[in-house]
Amino acid sequence: MLTQYCGRNYRQIGITTKWHIRALSAQAEAQVKVDQNNEVEWNNAKPFSSLPGPSKFEFFRSFLPGGKYHNLHFFEMNKALYKDYGTIFKFPGLFGRPDKIFTFDPKDMETVFRNEGQWPVRQGIDTFDYYRKKVRPDIFTKGAGLVSDHGEPWAKLRSAANPIMMKPKLVKAYIPDIDCVARDFIEKIKTLRDEKNEMPDDFQNEMNKWSLESIALIALEHRLGLITSDDDPENQKLINAVKEFFLLAFELDIQPSIWKYYKTPKFNRLMNAFEVMTNLSKKHIDRAIERLANQTENSESREDSVLQKILKVDKDYAIVMALDMMLAGIDTTSASASLLLYNLATHQKVQDKLREEVMTLLPNADEALTPESLNNLPYMRACLKESMRLTPIIAGNVRAAGRDLVLQGYQIPKGTDCIMGSVTLLRDDKFVEKPNEYIPERFLKEAQAGCPNAKDIHPFLMLPFGFGARACIGRRFAEMEIEVLTIRLLRQFKIEWNHGPIKFANGLVITPASNLNYKITDL
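Below is a summary of the structure that appears in this document. Source: prediction; values computed, not measured.

Structural notes on the overall build of the chain
Inference 1: Scanning the chain from N- to C-terminus turns up 19 helices and ten strands.
Inference 2: Over its C-alpha trace the chain gives a radius of gyration of 25 Å, about what one expects of a compact globule, namely 24 Å for 523 residues.
Inference 3: The principal-axis extents of the C-alpha atoms in the chain amount to approximately 75 × 65 × 60 Å.
Inference 4: Burial analysis of the chain (523 residues in total) assigns 51% to the buried set.
Inference 5: Contacts spanning at least 24 positions in sequence make up 73% of the contacts within the chain whose residues lie at least 6 apart.
Inference 6: Element-wise, carbon and sulfur atoms account for 52% of the exposed surface of the chain, whose accessible area totals about 24,400 Å².
Inference 7: Side-chain charges of the chain comprise 71 positive and 68 negative groups, with the mean position of each set lying 5 Å from the other.

Below is the structure:
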């Protein structure tokens, strides 16, 4: 019956061969078996309500002054939760939020990701969503963007952006321009050093300027002048607003908050930060679109830019994508680059080995980088991956269960947010050999004698850019920017750190809280 039914439908769409009918029928039968097995597993599992975990009152009290999680850094809080409640527990919803589950098992992480569905749902930033949909619907006419949207609106924007943002050839085309930004930053570093050759206390802000200058060049096809003398004071307002966003959104959207019932002062500060971010970014985007409109057909240029390509698809999409690139590409990229420099500065043998690779690429420091320059930098990639493992800027991934799941013997209903505490396990010797050591060699393709191998790490444990259809769309650009800057720094300087272990600030992005007083000395 199944074959006859499928055969009739196949003929309707032009698939009439017996081989096709048998193959697709086998697929359908296999799916039926999978569904049946899932149903049996679900029926034999313990109910969601029986998951271990604190009560709502206990959990809320633990974040108040005197509570065991009060003022803990996110890394420390994850570790404490793991110790207190084990490998899976219920994260009680407060102030109108649904219950979530927290898992510290990489097998669960794989199950969640493997079953996220066609249109994966990731816990959004509710304040961000509120601002874009309730406060500024005049700009976000077709949705709130890739961060907050779900379902068909998200799928349409992602489908339009993927062929552009994920295209390696287009990313490589920006290497010469990003190299120019990095070389300007090198010259600025020379003017920032004190008598000890150390960077000033506000060097993190200088790193933010570098990252904004870089992403603006990609998103807007234009230099903002953040590193040179023609810097506009409004650019600093944008950087400050983005930093405020990541810190306040963490307090309002991750930690317990009553903002949905009462608009607190912190909520109003965050709305103001969103307004600054949106208005200043929109001003830059409008100018960029006007410049493109005034270009002549005979203007000498390379392949169409990111902005040009998305404009050809849809102007509204182009505005939202440019906004998101500007906002998401500042703290994330600068924090990742800063922590890579910290790890290299505290591991001089690794830095020297990476410099050898850089010297092979750039025997002449004045030579420009080309689109082909980054093709063969295995140790650079290994150093960046190990930095993201040891000092991540994201504490873990979140996905809503794409179907009814069973994790560790418990029923997890479809739509339940699953928080995956990978950052804790990446520092646990049960899952990673020598977890507290910075050993880039573990990420080289060829195994190194006597060295840990990343192949022994569960593949779903370390996903700094996420996984699947909702993986970070700007990954290739971010990695390219960091690699170009690191090449330029190591080609001209020795980088040292003389100030003890680095500290971190809580936020949606985990940024350094310590002053970045690197010692940067000419070679």
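Next comes the rest of the description.
A short note on a nonpolar patch on the surface
Inference 1: Residues Ile258, Tyr261 and Tyr262 make up a contiguous nonpolar surface patch of roughly 360 Å² in combined accessible area.
Inference 2: Tracing the backbone through its elements, the reader meets Tyr261 in the loop between α11 (233–254) and α12 (265–294).

A look at the environment of Leu192
Inference 1: For Leu192, the position within the fold is in helix α9 (residues 175–192).
Inference 2: Each C-alpha atom, one on Leu192 and one on Leu485, is 17 Å from the other, the two residues being 293 residues apart in sequence.
Inference 3: Residues in contact with Leu192, not counting those within four places in the same chain, are Glu198, Met199, Pro200, Phe203 and Glu206.

Some remarks on helix α16 (residues 348–361)
Inference 1: The terminal C-alpha atoms of α16, which comprises 14 residues, lie 20 Å apart, in line with the 20 Å expected from a rise of 1.5 Å per residue.
Inference 2: Of the residues making up α16, those classed as buried are Val350, Gln351, Leu354, Arg355, Glu357 and Val358. Looking straight down α16, one finds its buried side chains confined to an arc of 160 degrees; they lie on one side. Turned more than 90 degrees away from the buried face of α16, the exposed residues are Lys349, Glu356 and Thr360.

A word on the pattern of salt bridges
Inference 1: Summed over the entire model, instances satisfying the criterion amount to 29 salt bridges.
Inference 2: Close ionic contact of Lys142 with Asp314 constitutes a salt bridge, the shortest N to O distance being 2.4 Å. One end of the pair, Lys142, is in the loop between α6 (126–135) and α7 (151–165); the other, Asp314, is in the loop between α13 (306–313) and α14 (315–328), and 172 residues separate them in sequence.
Inference 3: You can call Lys142 partly exposed: its relative accessible area is 41%.

Here's the deal with the nonpolar core
Inference 1: Counting residues in each nonpolar core, the largest one holds 160 residues, and the members touching the most others are Leu81, Val306, Ile412, Met480 and Tyr518.
Inference 2: Among the elements that line this core, the one with the most residues is α12, at eleven residues.
Inference 3: Dropping the residues within four chain positions of it, Met480 is found in contact with Val171, Tyr174, Ile175, Ile178, Ile218 and Leu374.

Side note on the side chain of Gln204
Inference 1: Tracing the backbone shows Gln204 in helix α10 (residues 203–220).
Inference 2: Owing to a relative accessible area of 12%, Gln204 belongs among the buried residues under this scheme.

So, the sheet that holds strand β6 (residues 417–420)
Inference 1: With respect to topology, four strands assemble into an open sheet ordered β1-β2-β6-β3, the strand pairing being mixed. The open sheet has two edge strands, β1 (88–91) and β3 (397–400), and neither has a second partner. Averaged over all adjacent pairs, the angle separating strand axes in this sheet is 25 degrees, with direction ignored.
Inference 2: Bridge count for β3 against β6 is four bridges, and the pairing is antiparallel. Residue pairing across strands places Asn397 opposite Met420, the latter belonging to β6.
Inference 3: Contacts from helix α4 (residues 74–85) reach β1 and β2 (100–103) within the one sheet, and its direction differs from that of β1 by about 115 degrees.

Focus on the packing of aromatic side chains
Inference 1: Using the criterion set out here, one finds 26 aromatic pairs in the structure.
Inference 2: Between Phe63 and Tyr69, the aromatic rings sit 5.9 Å apart at their centres with planes inclined by 50 degrees, giving tilted as the arrangement.
Inference 3: Judged by centre distance (5.4 Å) and plane angle (10 degrees), the ring pair of Phe89 and Phe102 falls under stacked. In this pair, Phe89 is assigned in strand β1 and Phe102 in strand β2, connecting sequence segments 13 residues apart.
Inference 4: Phe89 sits in the buried class, given a relative accessible area of 0%.
Inference 5: Judged by relative accessible area, Phe102 falls into the buried class, the value being 2%.
Inference 6: Three or more aromatic residues link up through ring pairs in this structure, and these residues are Phe59, Phe63, Tyr69, Tyr82, Tyr85, Phe89, Phe91, Phe102 and Phe104.
Inference 7: One Lys or Arg, Lys263, reaches over the ring of Phe267 and ends 5.3 Å from the middle of that ring.

Basis of the calculations
- Residues numbered from 1 in each chain as written.
- Predicted model: local features only at pLDDT ≥ 70, side-chain atom pairs only at ≥ 80, totals over all residues.
- Heavy atoms only, no water.
- Helix = DSSP H or I, 4+ residues; strand = E, 2+ residues; numbered from the N terminus.
- Rg over C-alpha atoms; globule rule 2.2 N^0.38 Å.
- Buried < 20%, exposed > 50% of the residue type's maximum accessible area, 1.4 Å probe, protein only.
- Contact = heavy atoms within 4.5 Å.
- Areas by Shrake-Rupley, 256 points an atom, 1.4 Å probe, with all protein chains shown as cover.
- Lys, Arg positive; Asp, Glu negative; His and termini not counted.
- Charge placed at Lys NZ, Arg CZ, Asp CG, Glu CD.
- Patch = residues over 30% accessible without salt bridge, like charges linked within 9 Å, V, L, I, M, F, W, Y side chains within 5 Å.
- Salt bridge = Lys/Arg side-chain N within 4 Å of Asp/Glu carboxyl O.
- Expected span 1.5 Å × (residues − 1).
- Arc of directions from axis to C-beta.
- Core = buried A, V, L, I, M, F, W, Y, C linked by side-chain atoms within 4.5 Å.
- Pairing = 2+ DSSP bridges.
- Axes fitted to C-alpha atoms, helices over the stretch in contact; angles between N-to-C directions.
- Phe/Tyr/Trp six-rings, centres within 6.5 Å; stacked < 30°, edge-to-face > 60°.
- Lys NZ or Arg CZ within 6 Å of the ring centre and 35° of its normal.

Keep in mind these values describe shape, not function.
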